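# Summary of the model geometry
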Amino acid sequence: ANPEKGIYDTYYSFFVKKYYYAGAAGEMYPGFESMTGMTIKKTGKTAVICGYNCKSAEVRLPGSDEAHEVWYTNEIKVKNPNASTPYSALDGVLMNFFFIMGSSELFFNAESIYQMDMPERLFDRKDKYIRVSRDDIKEVMNRMMSM
């Protein structure tokens, strides 16, 4: 994403196949529809993860009584780190969290954090990728996730 240039792209590359979907500002990235309607409730719990003071939130998906705990920190200065994700209500970098894409559950846990300068061109639109619709990129992603 490059909000200053209005780029909110989702890229998919698998061997020689290269596709992208050009999203809009505020639009959730393709693939996260299974998390639509989830609720986030801050718990007040704190912990130190990778040396950062973190806060906890409880996440519940529609139609489920199961609560998932996620952790985030606002000590890493990133503007709107969760924009266009199901976690946009949390103003902090996610440290331990999960995503549901299609029928797959993916869990992420930070093990180390480092800072690195990235060239601005990295956030420009990529050449040699074929632009596809939102439905097309979702179909490609779902096929990949179900392999």
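The structure this text deals with has already been given above.
Description of the structure in this document. For clarity, every value in this text was computed on a predicted model and none was experimentally measured.

## Here's the deal with unusual backbone geometry
Note: most residues except glycine have negative phi, and most peptide bonds are trans. Located in the positive-phi region is Cys50, a residue other than glycine, with phi close to 55°. In this fold, Cys50 is placed in the loop between strand 3 (39-49) and strand 4 (52-60). Not every positive phi belongs to a glycine, and Asn80 is a case in point at roughly 45°. Among the structural elements, Asn80 can be located in the loop between strand 5 (67-73) and strand 6 (93-101).

## Let's talk about the layout of surface pockets
Regions of empty space are outlined by a rolling probe, equal in size to a water molecule, passed over the atoms. In this structure, the largest pocket encloses a volume near 1,700 Å³. Val78, Lys79, Asn80, Pro81 and Phe123 are, among the 36 residues lining the largest pocket, the residues nearest its centre. Ranked by residues supplied to the lining of the largest pocket, first place goes to strand 6 with five residues. Of the residues in the lining of the largest pocket, the class split is 24 nonpolar, seven polar and five charged.

## Some thoughts on the side chain of Ser104
Mapped onto the secondary structure, Ser104 falls in strand 7 (residues 104-109). Using a relative accessible area of 16% as the deciding quantity, one classes Ser104 as buried. Those residues in contact with Ser104 that sit more than four places away from it in its chain are Phe99 and Met145.

## Details of the packing of aromatic side chains
Scanning the entire structure with this criterion turns up 13 aromatic pairs. One aromatic cluster is present, formed by Phe32, Tyr87, Phe97, Phe98, Phe99, Phe107 and Phe108 through successive ring pairs. Here the basic side chain of Lys126 rests over the ring of Tyr11, its NZ or CZ set 5.6 Å away from the ring centre.

## Looking at the pattern of salt bridges
For side chains bearing opposite charge, pairing can occur when the charged atoms are close. Under the counting rule described, the total for this entry stands at eight salt bridges. Residue Asp124 pairs with Lys5 through a salt bridge whose shortest N-O separation is 2.8 Å. Residue Asp124 is found in the loop between strand 7 and strand 8 (130-131), and its partner Lys5 is found in the segment before strand 1 (9-14); the two are separated by 119 residues along the sequence. Note that Glu58 and Arg60 form a salt bridge whose closest N and O atoms lie 3.3 Å from each other. For Arg60, a relative accessible area of 31% puts it in the partly exposed group.

## Remarks on the sheet that holds strand 1
Spatially, three strands are ordered 1-2-8 in an open sheet, and the strand pairing comes out mixed. Among the strands making up the open sheet, the edge pair consists of strand 1 and strand 8. One ladder, built from six bridges, connects strand 1 with strand 2 (residues 17-22); its direction is antiparallel. Considered in strand 2, the bridge of Tyr12 is made with Tyr19. Set on the sheet, helix 1 (residues 134-145) makes contact with strand 1 and strand 2; between it and strand 1 the angle comes to about 45°.

## Some points on the sheet that holds strand 4
Two orientations exist for strands paired in a sheet by backbone hydrogen bonds: parallel and antiparallel. What the five strands build is an open sheet, ordered 3-4-5-6-7; its pairing is antiparallel. Where the open sheet ends on each side, the last strands, each with one partner, are strand 3 and strand 7. For this sheet the average axis-to-axis angle between neighbouring strands, irrespective of direction, equals 25°.

So, how was this worked out
- Residues numbered from 1 in each chain as written.
- Predicted model: local features only at pLDDT ≥ 70, side-chain atom pairs only at ≥ 80, totals over all residues.
- Heavy atoms only, no water.
- Helix = DSSP H or I, 4+ residues; strand = E, 2+ residues; numbered from the N terminus.
- 1 Å grid on protein atoms, 1.4 Å probe; cavity = no way out; pocket = protein on both sides within 12 Å on 5 of 7 lines; lining within 4 Å.
- Points joined across faces, edges and corners; volume = space filled by probe spheres on them.
- Nonpolar A, V, L, I, M, F, W, Y, C, P; charged D, E, K, R; others polar.
- Buried < 20%, exposed > 50% of the residue type's maximum accessible area, 1.4 Å probe, protein only.
- Contact = heavy atoms within 4.5 Å.
- Phe/Tyr/Trp six-rings, centres within 6.5 Å; stacked < 30°, edge-to-face > 60°.
- Lys NZ or Arg CZ within 6 Å of the ring centre and 35° of its normal.
- Salt bridge = Lys/Arg side-chain N within 4 Å of Asp/Glu carboxyl O.
- Pairing = 2+ DSSP bridges.
- Axes fitted to C-alpha atoms, helices over the stretch in contact; angles between N-to-C directions.

Just geometry here; none of it tells us what the structure is for.
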